[in-house]
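Results of the structural survey
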Amino acid sequence: MPEIAEIARAVHFLRLHFVGKVIKHAEATDDANVFGKVGTDGPKMAAGLIGKKIISAGTQGKYFWVEMSKSPHLVMHFGMTGWIHIKGERTAYTNYYKKMNPDELDNWPPRYWKFKIETEDGDELAFTDPRRFGRVRTVNCPGKDIRKYSPLVENGPDPVVDLDVFTEDYLREKMKSRRVPIKALLLDQAVISGIGNWVADEVLYQAKLHPEQYCNDFSDAEIKQLYESIRYVCQTAVDKLGDSDQFPDDWLFNYRWGKGSKNAHSHTPNGDKLAFLTVGGRTSCYAPARQKKTGQVVSGVKEEPLESAEEKDSSKKASRTKVAKSKQESEEIEANGSKVKTEKTASRKRKIKTEEDEEVTCTPNKAKARPSKKPTRSQYFEDARKPKGGAETTEETKADTSGRRRSGRLQSKAT
């Protein structure tokens, strides 16, 4: 999204090419978002511009306006992708053109145009917006009072234009009276106009403040440092007309982009490791070692360190090594477990065999036989033939048994 510096760039070219000139022709599309959502009728607005002279152009944060010789005046906001193009002039910042197809660079009118004008001197301008989040509205008021009317009156002071309002005391009062993360405060256009995501990250990086620390939990010295960083970053970016190629080499801006790409930077030149914080869907780039917490920080912060292509390759190799080592250890544990299990099984088998050997009463082959506690068959019958009563056995008993066979049956006698 275009921020304070990009708006200053667009106004610079308006002043250079269009202020003081009369509009000969104007045309607009009937876009229900760009015009309709702020109560503007595009074609009627364009018709009302013809014959009027452009008196001045100015900025307030992310808004800019064009004062006409007679009201209504134009107040515009670029949204996410809006821009002002001038025929024959490269008005946008470097990265804007990098995102365009080569065959679109010299087309006129440019693609996605929403309204265009032509002056009596032959200068042509077009407002474009591919994603249609930009807004173009008309304001009926005296030209010198345009900032006293909506939407400008609801916005906070511009940190470059409104130095009589935006002071260190002003910032301190806003910070002490609220309890929100400091970055959220900087992004609040009702507090300060013009600071967007990359400017806020740059300001906090230069001030060495943690982006998610509560705004009412900073010391006076830290507030002073923050104020000076806001002035320094915003003034420098505006002076360079938002041309990032001219930003100081030590700015975070030069290294915060490309998250997830092969060309992403993981460190600044001075060695600061970079990381991204995410809270409630809002992402911040910061340097943890530089921007340390000195007070309470909002909960639920998710941090994701940035990695260069080399670091990613190194991490992948380390991860693969770790996985391979873990697999090897698992295999060794499994092998040792199988070995122990095998030894336990063999031990149990040996124990069972020993117990069985102890219970064996006779040993086959040439193994030494053990004495048996049970009588053999021959011993049994020998004991059975012994008469009970010992030496006192009578001859009658002997006669009674003499006729019996070993099987117990009586032998037949001849009569």
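Shown above is the structure to which this text applies.
Residues numbered from 1 in each chain as written. Predicted model: local features only at pLDDT ≥ 70, side-chain atom pairs only at ≥ 80, totals over all residues. Heavy atoms only, no water.

It helps to recall that an α-helix has 3.6 residues per turn; residues three or four apart then point in one direction. Of all eleven residues in helix 6 (residues 197–207), ten are buried, a share of seventy percent or more. Of the positions making up helix 6, those classed as buried are Trp-198, Val-199, Ala-200, Asp-201, Glu-202, Val-203, Leu-204, Tyr-205, Gln-206 and Ala-207. Of the surrounding elements, those touching the buried residues of helix 6 are helix 1 (4–17), helix 5 (182–187), helix 7 (220–239) and strand 10 (282–286). The first or second residue beyond helix 6 is Lys-208, which carries a positive phi of 60 degrees. (Buried < 20%, exposed > 50% of the residue type's maximum accessible area, 1.4 Å probe, protein only. Helix = DSSP H or I, 4+ residues; strand = E, 2+ residues; numbered from the N terminus. Contact = heavy atoms within 4.5 Å.)

The antiparallel open sheet is built from four strands, whose spatial order is 1-6-7-5. Where the open sheet ends on each side, the last strands, each with one partner, are strand 1 (23–28) and strand 5 (83–86). Between one strand and the next, the sheet's axes are offset by a mean angle of 15 degrees, whatever the strand orientation. Across five bridges, the pairing between strand 1 and strand 6 (residues 113–119) is antiparallel. Counterpart to Ala-28 in the pairing with strand 6 is Phe-115. (Pairing = 2+ DSSP bridges. Axes fitted to C-alpha atoms, helices over the stretch in contact; angles between N-to-C directions.)

Here we come to the sheet that holds strand 9 (residues 275–279). Sheet architecture is open: three strands sit in the order 10-9-11, paired in antiparallel fashion. Each having just a single partner strand, strand 10 and strand 11 (302–305) make up the two edges of the open sheet. Looking at each pair of strands side by side, their axes are set apart by 25 degrees on average, direction ignored. Examined bridge by bridge, strand 9 and strand 11 share four bridges and lie antiparallel to one another. Note on strand 11: the bridge partner recorded for Thr-278 is Lys-302.

So, on to a nonpolar patch on the surface. Residues Met-1, Met-80 and Phe-133 make up a contiguous nonpolar surface patch of roughly 280 Å² in combined accessible area. Tracing the sequence through the fold places Met-80 in the loop between strand 4 (73–77) and strand 5. (Patch = residues over 30% accessible without salt bridge, like charges linked within 9 Å, V, L, I, M, F, W, Y side chains within 5 Å. Areas by Shrake-Rupley, 256 points an atom, 1.4 Å probe, with all protein chains shown as cover. Salt bridge = Lys/Arg side-chain N within 4 Å of Asp/Glu carboxyl O.)

To continue, consider empty space enclosed by the protein. The final tally for this structure, using the stated rule, is one cavity of 30 Å³ or more. Approximately 110 Å³ is the volume found for the largest cavity. Lining the largest cavity are 15 residues, with Leu-14, Ile-54, Val-66, Ile-117 and Leu-125 sitting closest to its centre. For the lining of the largest cavity, the secondary-structure elements that each account for two or more residues are strand 2 (54–60), strand 3 (63–68), strand 4 and strand 6. A class-by-class count of the residues in the lining of the largest cavity yields 15 nonpolar, no polar and no charged. (1 Å grid on protein atoms, 1.4 Å probe; cavity = no way out; pocket = protein on both sides within 12 Å on 5 of 7 lines; lining within 4 Å. Points joined across faces, edges and corners; volume = space filled by probe spheres on them. Nonpolar A, V, L, I, M, F, W, Y, C, P; charged D, E, K, R; others polar.)

Below, the discussion takes up the layout of surface pockets. Size it by volume and the largest pocket reaches roughly 890 Å³. Taken together, 34 residues line the largest pocket, and the ones lying closest to its centre are Met-1, Met-80, Tyr-93, Tyr-96 and Lys-99. Of the residues forming the lining of the largest pocket, the biggest block, three residues, is contributed by helix 3 (residues 94–98). Class assignment for the residues of the lining of the largest pocket results in 14 nonpolar, twelve polar and eight charged.

So far we have only geometry, and geometry alone does not tell us how the molecule works.
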